Amino acid sequence: MVKYKSCCSKRRSSSASEQSDEDGNTKETPLWLKILIYSGIALFTLILIVFLIIWVLIPVVFSHSIAFQRMMIFIPFNSPRNPHFDDPSSYAIEGVHNIYITVSDYYDNTTLTTIGAWLILPEELVGVNDSLNISDIIRETDYDIVFYLHGVYANRAKPIHQYSILRKHFLVLAIDHRGYGDSGSNVEMGELGMVHDHLQIYNWILEKGFKNDIFYWGHSLGAAISCHTVRSLKETYNFIPKGLILESPFTTLREEIQESIVGKIYSWLAYFNSTILGPLDDNGFHFYSTTNILQVDCPIMILHAEDDSIVPAVLGQKLASVACNERQIPDQGNVTFHLFSSDLGYGHNDILTDENVPEYIRSFKKVCEEFINTN
């Protein structure tokens, strides 16, 4: 009896996949059922791991790493890659001078860094007086200048088509913010640091003898920096530019994150504020355009596309509403808002391909001129 029981026990332990039928016979679990069970376990494990990485690990790391926060906000990667700033013609654009402007760091005034920029001649002057140096061009030009500030995942070699439109109306100074392109490689990226750089670039233009009017044009993140810069110019130097153009702008960084696709992925989490929004505020990543725009004392033009998936158009509309309703229009300047239909497919980057934009710019410049003449 003992030997018999031992044999039966051994058979059962060595045939885990076998089952007994009504007659006491054993049968093996079908292969398809094994595959189904193991696949289900593997899929569940994979989903659990992905869930933990996306909705637990990333928020926790984000909340504790200012470097991670900075990277996710600014996305400081070159586009185009391996840029040839000293050879603008390789991007099919002529009449461009590659320059570098030395500025002091906001966070450590003893540290100097260089900001890279392109000085893009007005279309009519391409090939004319090629012997003029940078100082001569800036001092002798009869054109107004527009400071062009790009958004994230870009450098000054990216908005080539935008320059082709702007140079019909302005002398263009396209600037790479610190951390983009070859600008400010030895200093930290940050809103106050970037604004401080632009204040010094304004001084640099004056030191070169520029005598005409100044406009600021910002795209996306560049719109927020432009808005803050214009406010700071007024508060620091009592200087007011002739006009401010904001392309695809957002209201505040907090609202941009909440309205973005990434924000919607995380917004349902109970710890969304404590791990995502709160740390950004604590570390000074604000971009309060709805506050800064109240101190803008020149006409404003805002451009936004309905199908913008990066910065939803509702934010551009809200910013225009704040600028229109909470500023003193007669004293601070009119607000012009252009919303482009989603049928046009401009998205976040292609508004300036619209055939009406040149006329919008001409009309806006007239508005700015009338504002100056009546104030």
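For the structure, check the block above.
**So, the pattern of salt bridges**
In step 1: In this structure the tally under the stated criterion is 16 salt bridges.
In step 2: The salt bridge partner of D176 is R156, with a shortest N-O separation of 2.7 Å. Within this pair, whereas D176 is found in the loop between β6 (171–175) and α6 (191–207), its partner R156 is found in the loop between β5 (145–149) and α5 (160–166), the two being separated by 20 residues in sequence.
In step 3: R156 sits in the buried class, given a relative accessible area of 0%.

**Examining the pairing of β6**
In step 1: Across the 5 residues that make up β6, a large majority, 5, are buried.
In step 2: Of the two faces of β6, the one holding L171, L173 and I175 and the one holding V172 and A174 are both buried throughout.
In step 3: In this sheet, β6 lies alongside strand β4 (residues 112–120) in antiparallel orientation, the contact comprising 4 bridges. Paired with A117 across the strands is I175, a residue of β6.
In step 4: Relative to β6, β5 runs parallel, the two sharing 5 bridges. If you follow Y148 over to β6, its bridge partner there is A174.
In step 5: Considered for its hand, the β-α-β crossover made up of β5, α5 and β6 is right-handed.

**A closer look at the packing of α6 against helix α7 (residues 221–237)**
In step 1: Packing of α6 against α7 brings their axes to within 9 Å, and their N-to-C directions diverge by 60 degrees. As far as their axial angle goes, α7 and α6 are oblique. Seen from above, α6 lies across α7 with right-handed handedness. On α7, the residues touching E191, L192, M194, V195, H198, L199, Y202 and N203 of α6 are I225, H228, T229, S232, L233, T236 and Y237.
In step 2: Residues that form the contact of α6 with α7 fall into these classes: 8 nonpolar, 6 polar and 1 charged.

**A short note on empty space enclosed by the protein**
In step 1: Under the criterion given, the structure shown has 1 cavity of 30 Å³ or more.
In step 2: Contributing to the lining of the largest cavity are L253, R254, I257, L277, L280, D281, F285, H286 and Y288.
In step 3: Counting residues per element, the ones that place at least two in the lining of the largest cavity are α8 (253–259) and α10 (272–282).
In step 4: When its residues are assigned to classes, the lining of the largest cavity shows 6 nonpolar, 1 polar and 2 charged.

**Some points on the layout of surface pockets**
In step 1: Approximately 900 Å³ is the volume attributed to the largest pocket.
In step 2: Along its surface, the largest pocket is lined by 37 residues, and M72, I75, V152, E256 and I310 are the ones closest to its centre.
In step 3: Where the lining of the largest pocket is concerned, the elements lending two or more residues are α2 (31–64), α3 (66–74), α8, α9 (261–266) and α10.
In step 4: Residue contributions to the lining of the largest pocket peak at 5 residues, all from α9.
In step 5: In terms of residue class, the lining of the largest pocket is made up of 24 nonpolar, 10 polar and 3 charged.

**What about the packing of aromatic side chains?**
What characterises a pair of aromatic rings is the spacing of the ring centres plus the angle enclosed by the ring planes.
In step 1: Following the criterion strictly, the structure yields 16 aromatic pairs and no others.
In step 2: For the pair F250 and F287, a centre-to-centre distance of 6.4 Å together with 85 degrees between the ring planes defines the contact as edge-to-face. With F250 in the loop between β8 (243–247) and α8 and F287 in the loop between α10 and α11 (289–292), this pair connects stretches of sequence that are 37 residues apart.
In step 3: Through a chain of ring-to-ring contacts, the aromatic side chains of F74, F250, F285 and F287 assemble into a single cluster.
In step 4: Just above the ring of F85 sits the side chain of R156; from NZ or CZ to the centre is 3.7 Å.
In step 5: Between the NZ or CZ atom of K365 and the centre of the ring of F170, over which it lies, the distance is 4.6 Å.

Criteria and thresholds
Residues numbered from 1 in each chain as written. Predicted model: local features only at pLDDT ≥ 70, side-chain atom pairs only at ≥ 80, totals over all residues. Heavy atoms only, no water. Salt bridge = Lys/Arg side-chain N within 4 Å of Asp/Glu carboxyl O. Helix = DSSP H or I, 4+ residues; strand = E, 2+ residues; numbered from the N terminus. Buried < 20%, exposed > 50% of the residue type's maximum accessible area, 1.4 Å probe, protein only. Pairing = 2+ DSSP bridges. Right-handed = clockwise from strand over helix to strand, strands pointing away. Axes fitted to C-alpha atoms, helices over the stretch in contact; angles between N-to-C directions. Parallel < 35°, antiparallel > 145°, perpendicular 65-115°, else oblique. Left-handed = near helix turned anticlockwise from the far one by under 90°. Contact = heavy atoms within 4.5 Å. Nonpolar A, V, L, I, M, F, W, Y, C, P; charged D, E, K, R; others polar. 1 Å grid on protein atoms, 1.4 Å probe; cavity = no way out; pocket = protein on both sides within 12 Å on 5 of 7 lines; lining within 4 Å. Points joined across faces, edges and corners; volume = space filled by probe spheres on them. Phe/Tyr/Trp six-rings, centres within 6.5 Å; stacked < 30°, edge-to-face > 60°. Lys NZ or Arg CZ within 6 Å of the ring centre and 35° of its normal.

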